[in-house]
Amino acid sequence: MSHSTATTDQAKEGSPQGKAATQPNPVPFMSLALEQADIDAAVSVLHSGILRQGSRCAELETRFAAQTGATHGLTCSNGTTALQLAYGALLQPGDDVLVPAWTYIATASMLVAAGCNPIFVDCLEDTFQIDVEDAEKRITPNTKAIAATHLYGMPVDIDAVEDLAKRKGLRIIYDSAQAHLATYKGKGLGTFGDANTYSFYATKNLATGEGGMVTVNDETLNKDIAALRSHGETDKYLHTRIGFNYRMNDITAAIGCSRLDRLEAQTNTRRQNANRYDAMLADIPGLQAPTRTEGAESAWHLYTVKMDLSKFSMSRDDFCAKLKEQGVPTAIHYPRGLTRQPAFDPYVTEHPKVADSLSAKVFSLPMHHDLTDEHFGQIGRALTDIANSNCT
Ligand SMILES: Cc1ncc(COP(=O)(O)O)c(C=O)c1O
């Protein structure tokens with residue numbers, strides 16, 4: 001991984017506080033290494049000379065969509081353009097759209113890019129996911145959709161979202177950028193909503209560098225998004241609406257296909273690791289393991305813990321600094337809620353209470369498929385030592 005990539009990853013994933021240049025044996029925060037098969041897959045596309053969106057993109061679309069339970073997949077350049085494509089096909093400029101105040105910026109910023117008005121909704125104190133009761137209170141006569149993120153890989157309460165959408169006639173777009181292969185009530189996330197959008201950014205569970213996908217279950221919508229992805233082209237050089245060039249290329253897709261071979265096994269390992277963390281945290285005072293949405297199986301992109309600050313004699317940042325000293329890196333997802341982002345000032349009328357309080361309390365621990373018994377031993381000792389000495 002080049003130095004500049006590391007810097008970008010750090011910015012994107014939230015400045016690992018323990019990026020421990022001075023630590024002899026830090027636990028790796030993520031596991032990003034490619035295998036030889038991934039490199040071979042990319043090289044074989046290079047040898048073919050066909051570098052555009054082609055058969056490897058088609059393969060990734062078919063396989064990934066099927067694994068998430070969706071009927072159609074559309075590869076695209078990244079998770080941000082995936083959102084823009086889904087919003088562009090399903091929404092109209094001027095629509096009000098419910099969106100969590102606690103998510104990555106793209107879920108809401110691409111609404112603004114589509115000419116819509118984001119209505120910021122609070123999140124639940126326990127699961128950190130969108131608070132559907134709060135969403136209902138914020139509906140305006142002009143509200144046309146709900147854009148909900150399966151944050152950290154944990155599905156939202158899909159039954160509640162669907163019930164609200166049905167009663168109020170709302171479209172549903174799920175930002176599944178962090179939730180590859182997560183399930184709800186035994187079904188893949190692709191079976192729910194009007195569209196699901198994914199990111200294959202370099203640090204995501206399925207990582208192609210840059211990359212993304214939209215999945216849908218409607219043939220017409222599939223065609224609309226395919227056209228939007230490529231200059232609104234519906235026939236050769238016939239452009240029926242203004243579109244973009246948001247296509248993926250086959251080098252990227254080949255890496256995605258190769259890594260997809262391992263995704264299910266790696267997701268299962270993440271789930272086992274989440275169970276290990278849960279058991280560990282049950283014995284540590286003042287730290288709350290992430291609560292699971294009922295009926296959901298998370299993809300565990302991130303394992304994000306909440307501190308009970310009233311019990312600690314130190315701040316979250318000081319706690320994380322102590323962890324860093326013991327070789328345990330952490331990252332903050334996120335340092336501020338979206339209503340505190342200056343870019344959204346024109347759309348903010350208040351700061352939803354829970355979302356506004358989480359930025360001081362949460363931190364993410366290392367979560368990936370390469371964590372070992374030794375890593376868990378090191379993390380457990382560090383958390384226990386620091387919590388026991390600083391928590392009442
Ligand atoms: C929830 C969420 N939505 C959207 C995105 C945007 O994806 P990308 O970085 O591939 O554009 C991300 C990426 O970090 C994300 O975490």
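The shown structure was predicted, so the numbers you read here are calculated from the model rather than taken from an experiment. (Residues numbered from 1 in each chain as written. Predicted model: local features only at pLDDT ≥ 70, side-chain atom pairs only at ≥ 80, totals over all residues.)

### Things to note about the packing of helix H4 (residues 79–90) against helix H5 (residues 105–113)
Relative orientation of the contacting elements H4 and H5 amounts to 45°, with a least axis distance of 9 Å. Considering their axes alone, H4 and H5 lie oblique with respect to each other. Pair H4 / H5 crosses with right-handed handedness. Along its contact with H4, which presents Gly 79, Thr 80, Leu 83, Gln 84 and Tyr 87, the element H5 presents Ala 106, Thr 107, Met 110, Leu 111 and Ala 113. (Axes fitted to C-alpha atoms, helices over the stretch in contact; angles between N-to-C directions. Helix = DSSP H or I, 4+ residues; strand = E, 2+ residues; numbered from the N terminus. Parallel < 35°, antiparallel > 145°, perpendicular 65-115°, else oblique. Left-handed = near helix turned anticlockwise from the far one by under 90°. Contact = placed C-beta atoms within 7 Å.)

### Details of H5
By the burial criterion, the buried members of H5 are Ala 106, Thr 107, Ala 108, Met 110 and Leu 111. Where H5 is buried, its residues touch H4, strand S2 (96–100), strand S3 (117–121), strand S4 (143–149) and strand S5 (171–175). Note on H5: the residue one or two positions beyond its end, Gly 115, has a positive phi of about 85°. (Buried ≥ 20, exposed ≤ 12 C-beta atoms within 10 Å, placed from the backbone.)

### Focus on the environment of Leu 263
Of note, Leu 263 is situated in helix H9 (residues 250–281). The spacing of Leu 263 and Ile 251 is twelve residues in sequence and 18 Å in space, taken between C-alpha atoms. In this view, Leu 263 contacts His 180, Leu 181, Asn 205 and Leu 206; residues no more than four positions away in its chain are not counted.

### Digging into the pairing of S4
Here S4 lies mainly inside the structure; five of its seven residues are buried. As judged from the three bridges shared by S2 and S4, these two strands associate in the parallel manner. Residue pairing in the sheet places Val 97 in a bridge with Ala 145 of S4. When S4 meets S5, the two strands line up parallel, connected through five bridges. Residue pairing for S5: Ala 145 is matched across the bridge by Arg 171. (Pairing = 2+ DSSP bridges.)

### Overview of the sheet that holds strand S1 (residues 72–76)
If you walk across this open sheet you meet the seven strands as S1-S9-S8-S5-S4-S2-S3, and the pairing is mixed. Looking at which strands have only one partner, the edges of the open sheet turn out to be S1 and S3. In this sheet, adjacent strand axes meet at a mean angle of 20° when their direction is disregarded. Against the sheet, helix H3 (residues 55–68) touches S1, strand S8 (195–199) and strand S9 (212–216), its axis set at about 130° to S1. Packed onto the sheet, H5 meets S2, S3, S4 and S5 and runs at close to 165° relative to S2.

### Quick notes on the pairing of S2
A regular strand places its side chains on the two faces of the sheet in alternate fashion. Among the five residues that make up S2, five are buried, leaving the element largely enclosed by the rest of the structure. Burial along S2 is two-sided: Asp 96, Leu 98 and Pro 100 and Val 97 and Val 99, pointing in opposite directions, are all buried. As a crossover connection, the stretch from S2 through H5 into S3 is right-handed. (Right-handed = clockwise from strand over helix to strand, strands pointing away.)

### A few points about the site of the ligand
Close contacts around the ligand come from 15 residues, with Asn 78, Gly 79, Thr 80, Ala 177 and Ser 199 the closest. Where the shell around the ligand is concerned, the elements lending two or more residues are H4 and H5. Tallied by class, the residues present in the shell around the ligand amount to four nonpolar, nine polar and two charged. (Near = placed C-beta within 6 Å. Nonpolar A, V, L, I, M, F, W, Y, C, P; charged D, E, K, R; others polar.)

### Thoughts on the sheet that holds strand S13 (residues 296–297)
The sheet built from three strands is open, its strands ordered S7-S6-S13 with antiparallel pairing. With partners counted over all chains shown, the strands left at the sheet margins are strand S7 (187–188) and S13, one partner each. As paired strands, strand S6 (residues 183–184) and S7 are joined by two bridges and run antiparallel to one another. Residue pairing for S7: Tyr 184 is matched across the bridge by Lys 187.

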